[in-house]
Amino acid sequence: MAIDVDKLAYRYEELRSERANWESTWRECAELFNPGRYRDDTETNAHRIPLVNPKLVNSKGILAMRSMASGMQGGMASPVRPWFRLVAKGDPQFIPDGVNAWLDRVTQVMTAVLHQSNFYNATHTLYSDIGTFGTGLLVETANEDGIYFHLVRCGEYVLDINGNDEVDTFFRRLYMTPRQILDRWESAPDLPDFIKRSRERKVMTTERYDVIHAVFPRTDFKPAKRLTVESKPFASVYYLPGGSSGHGTGKACILEEGGFDMFPAFAPRWDVSGSDVYGRSPAMDVLPDCKMLQAMTTTLRKTQHKIADPPLVADQSLRATGVKLIPGGLSFFDSTRTGTTPVAPIHQPEAAALQTVMTAIQEVEQNIDDGLYVDLFRMMLEDQRSRITATEINAKERERIVMLGPVVERLHKELFDPVIRRTFALMQEWGAMPTPPEGVDALDVDVSFESALAQAQRQVTTSNIEAGFAFIGQAAAAVPEILDIVDTDAMGRAYLDRINMPSSVIREESAVEEIREQRAQAAAQQQQMETMNQGVNQLVDATKAMENMSNTNISGQNALEALTGGLGNVL
């Protein structure tokens, strides 16, 4: 079934209407925390908007957001540290041999693929988008040259969610020149004539037109038709919205219709209230503080300016000659006029007042740092060692990391897990996957995260295991029976799982049982040998004793004869 472009354009306008309540807040947050990252999709000169906010007098919000974005990248998906690992789901005893080693190899190859792409550059900006606006949009595509991630700016997209509150639909605005449109869709059957004729002009126009890219689940999905656009569960449509865009393009027309096997976009949200489509951000929480900070900094600068260059009052007699207030300036006045001050400050703030304002500003700046977790991330960024482990984070910072727990889990669910799964599928599609062992076709692969923040989250539970093991060890010295209440195997595997020990270096339960059986057999054989040796030693000792007795002379007979003779008399 062909896409009805008019219905698609109507849905886009509906989603824009639902998004309207967020736009003013996004605009304010962008001005104070992330200038240049918000673009109103009704702005016809959005590509010419200044990238800085000339009204800013204090850049604390921008610097704090920069620190948070860098900290999120270092803590969640660092380009210089392993942050994910592919593992096999299910009971380990049913996993075919070689699968764990193959998954470790796939992890290495996928890490290299992500490094060769723009993933880390895109996600660094994505973190600042999430921290500023509460929502971000990242689109992943692939071709023969590799994988590419396109980050869409806030205000240029609309989202929709399904019944599970998962984002499965997006529309994004591409503001393109006729040359750009012709480069991609010159053969589109419904391309307007005024776009086609633009090549005939002596100079290509730089006027821009709205091109909307829509991706959404198909209601007419037909998996049996493998070679048609209907065979893809997600539709991908590029279209010109028509005359309603204000550019005189006439009727809306489709430029390209395609599809995806998986949803190609990731829309992570910092925090979501109920069934909201868009998320709330930490910048929204400290937005009042940042506004206050601008006003307080303005007052501080005025106060400093008054102290350095206060308003002055001069004697009327100086009106004619003027006063030179520059350094080294020389002014003349009538010294016979006593009781008057030629030039004096009208109002000069006291230094104590200046200190009070500066102290208040520092308190507000600290509120902004706390709201954006700057101190926590700065602690992680300032550690210049090759690896920071969860045990190196003190108890206070660990508590703050626990506060980030919901955010970390949401980013795992809405960003990193989908990115790894889609990249895995794209590598299979483009033949970039290592040769798998037998039995992998039916394998269910899971993603295990081992970033610094993920490890710190697990450290909260591993500390309980460590404390329990220490207690059992101490108590066992006095009461050995206490060891019977603990499954040490389960405890060890739980601990290794929480610290993300690679599964390829952990023995399976069957292998452990075999080793223990071999050890028990060896111990039994050793015990048997010791018993046999003990019997032989006893026999040797008895033989030597009899020899000694036979060589001992007692009343003309040896001791052995005397003993046997005596025994005979007794018997």
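Being a predicted model, the structure only gives us computed values, none of them experimental.

Trainee: Residues and numbers for a negative patch on the surface, please.
Mentor: Judged by side-chain charge, D91, E509, E513, E514 and E517 come together as a negatively charged surface patch. Tracing the backbone shows E513 in helix α15 (residues 509–550). On the basis of relative accessibility, which here comes to 43%, the residue E513 falls in the partly exposed class.

Trainee: Let's hear about the side chain of E414: which residues, and what values?
Mentor: Position of E414 relative to the elements: it lies in helix α12 (residues 405–429). In contact with E414, other than residues within four places in its own chain, are F266, A267, P268 and R269.

Trainee: Which residues make up helix α1 (residues 5–33), and what values go with them?
Mentor: A20 marks the point of greatest bend in α1, at about 50°. Measuring from the side-chain oxygen of the N-cap residue of α1 to the backbone nitrogen of D6 gives 3.1 Å; that N-cap residue is D4.

Trainee: Can you break down the nonpolar core residue by residue, with the values?
Mentor: Generally speaking, a soluble globular protein has its nonpolar side chains buried in company with each other. With 108 residues, the main nonpolar core has F33, W83, Y239 and F416 as its most contacted residues. Among the elements that make up this core, the one with the highest residue count is α1 (eleven residues). Counting residues in each nonpolar core, the second largest holds 15 residues, with I181, A188, Y238 and L240 among its members.

Trainee: Provide a residue-level description of the side chain of R19, including the pertinent values.
Mentor: Tracing the chain through its elements places R19 in helix α1. Note on R19: relative accessible area 1%, which makes it buried. Among the polar contacts made by the side chain of R19, one reaches the side chain of E23 at a distance of 2.9 Å. Dropping the residues within four chain positions of it, R19 is found in contact with W26, D41, G155, Y157, V158 and Y278.

Trainee: Run through the pattern of salt bridges, naming residues and quoting values.
Mentor: Overall, the coordinates contain 21 salt bridges when judged by the stated rule. Note that D41 is salt-bridged to R19, the shortest N-O span being 2.9 Å. Within this pair, whereas D41 is found in the loop between α1 and α2 (60–76), its partner R19 is found in helix α1, the two being separated by 22 residues in sequence. Neither D41 nor R19 differs from the other in exposure class; each is buried. For R153, the salt bridge identified is with E156, shortest N-O distance 3.1 Å. Here R153 falls in the partly exposed class, since its relative accessible area comes to 26%. Each of the salt bridges in this network shares a partner with another, and the network as a whole consists of E13, R16, R19, E23 and D41.

Trainee: Describe in detail the sheet that holds strand β9 (residues 265–266), supporting the description with residues and values.
Mentor: The antiparallel open sheet is built from three strands, whose spatial order is β3-β2-β9. Edge positions in the sheet fall to β3 (146–152) and β9, since each of these pairs with one other strand and no more. One ladder, built from seven bridges, connects strand β2 (residues 137–143) with β3; its direction is antiparallel. Its bridge partner lying in β3, T141 is registered against Y148. Contacting β2, β3 and β9, α12 runs over the sheet at an angle of about 10° to β2.

Trainee: Could you give an account of the pairing of strand β5 (residues 167–176), naming the residues involved and the relevant values?
Mentor: Buried residues dominate β5, accounting for ten of its ten residues. Across five bridges, the pairing between strand β4 (residues 157–161) and β5 is antiparallel. Within the sheet, the bridge partner assigned to V158 lies in β5 and is F171. Between the antiparallel neighbours β4 and β5 lie five residues, among them D165 with a positive phi of about 60°.

Trainee: Could you give an account of a nonpolar patch on the surface, naming the residues involved and the relevant values?
Mentor: A contiguous nonpolar patch, built from L312, V323 and L325 and spanning about 240 Å² of accessible area, is present on the exposed surface. Positionally, V323 belongs in the loop between β10 (312–314) and β11 (343–345). On the accessibility criterion, V323 (32% relative accessible area) is partly exposed.

Trainee: Summarise the sheet that holds β5; cite the residues concerned and give the values.
Mentor: Within the open sheet, the five strands sit side by side as β4-β5-β6-β7-β8. Their pairing is antiparallel. Edge positions in the open sheet fall to β4 and β8 (253–260), since each of these has one partner strand only. Adjacent strand axes in the sheet meet at a mean angle of 15°, parallel and antiparallel pairs treated alike. Sheet analysis places strand β7 (residues 234–240) next to β8, joined by seven bridges and oriented antiparallel. Within β8, the residue paired with S236 across the bridge is G258. Packed onto the sheet, helix α5 (residues 178–185) meets β5, β6 (209–217), β7 and β8 and runs at close to 125° relative to β5.

Trainee: If you had to explain unusual backbone geometry to someone new, which residues and values would you point to?
Mentor: A positive phi angle, near 60°, is found at D165, a position not held by glycine. Examined against the element boundaries, D165 turns out to sit in the loop between β4 and β5. Despite not being glycine, Y373 has its phi angle at roughly 60°, a positive value. Within the secondary structure, Y373 sits in the loop between α9 (351–371) and α10 (374–382). According to the relative accessible area criterion, Y373 is buried, its value standing at 13%.

Procedures and definitions
Residues numbered from 1 in each chain as written. Predicted model: local features only at pLDDT ≥ 70, side-chain atom pairs only at ≥ 80, totals over all residues. Heavy atoms only, no water. Patch = residues over 30% accessible without salt bridge, like charges linked within 9 Å, V, L, I, M, F, W, Y side chains within 5 Å. Areas by Shrake-Rupley, 256 points an atom, 1.4 Å probe, with all protein chains shown as cover. Salt bridge = Lys/Arg side-chain N within 4 Å of Asp/Glu carboxyl O. Lys, Arg positive; Asp, Glu negative; His and termini not counted. Charge placed at Lys NZ, Arg CZ, Asp CG, Glu CD. Helix = DSSP H or I, 4+ residues; strand = E, 2+ residues; numbered from the N terminus. Buried < 20%, exposed > 50% of the residue type's maximum accessible area, 1.4 Å probe, protein only. Contact = heavy atoms within 4.5 Å. Bend = angle between axes of the 7 residues up to and from the residue. Polar contact = N/O pair within 3.5 Å; in protein donor to acceptor, adjacent residues only side chain to side chain. Core = buried A, V, L, I, M, F, W, Y, C linked by side-chain atoms within 4.5 Å. Pairing = 2+ DSSP bridges. Axes fitted to C-alpha atoms, helices over the stretch in contact; angles between N-to-C directions.

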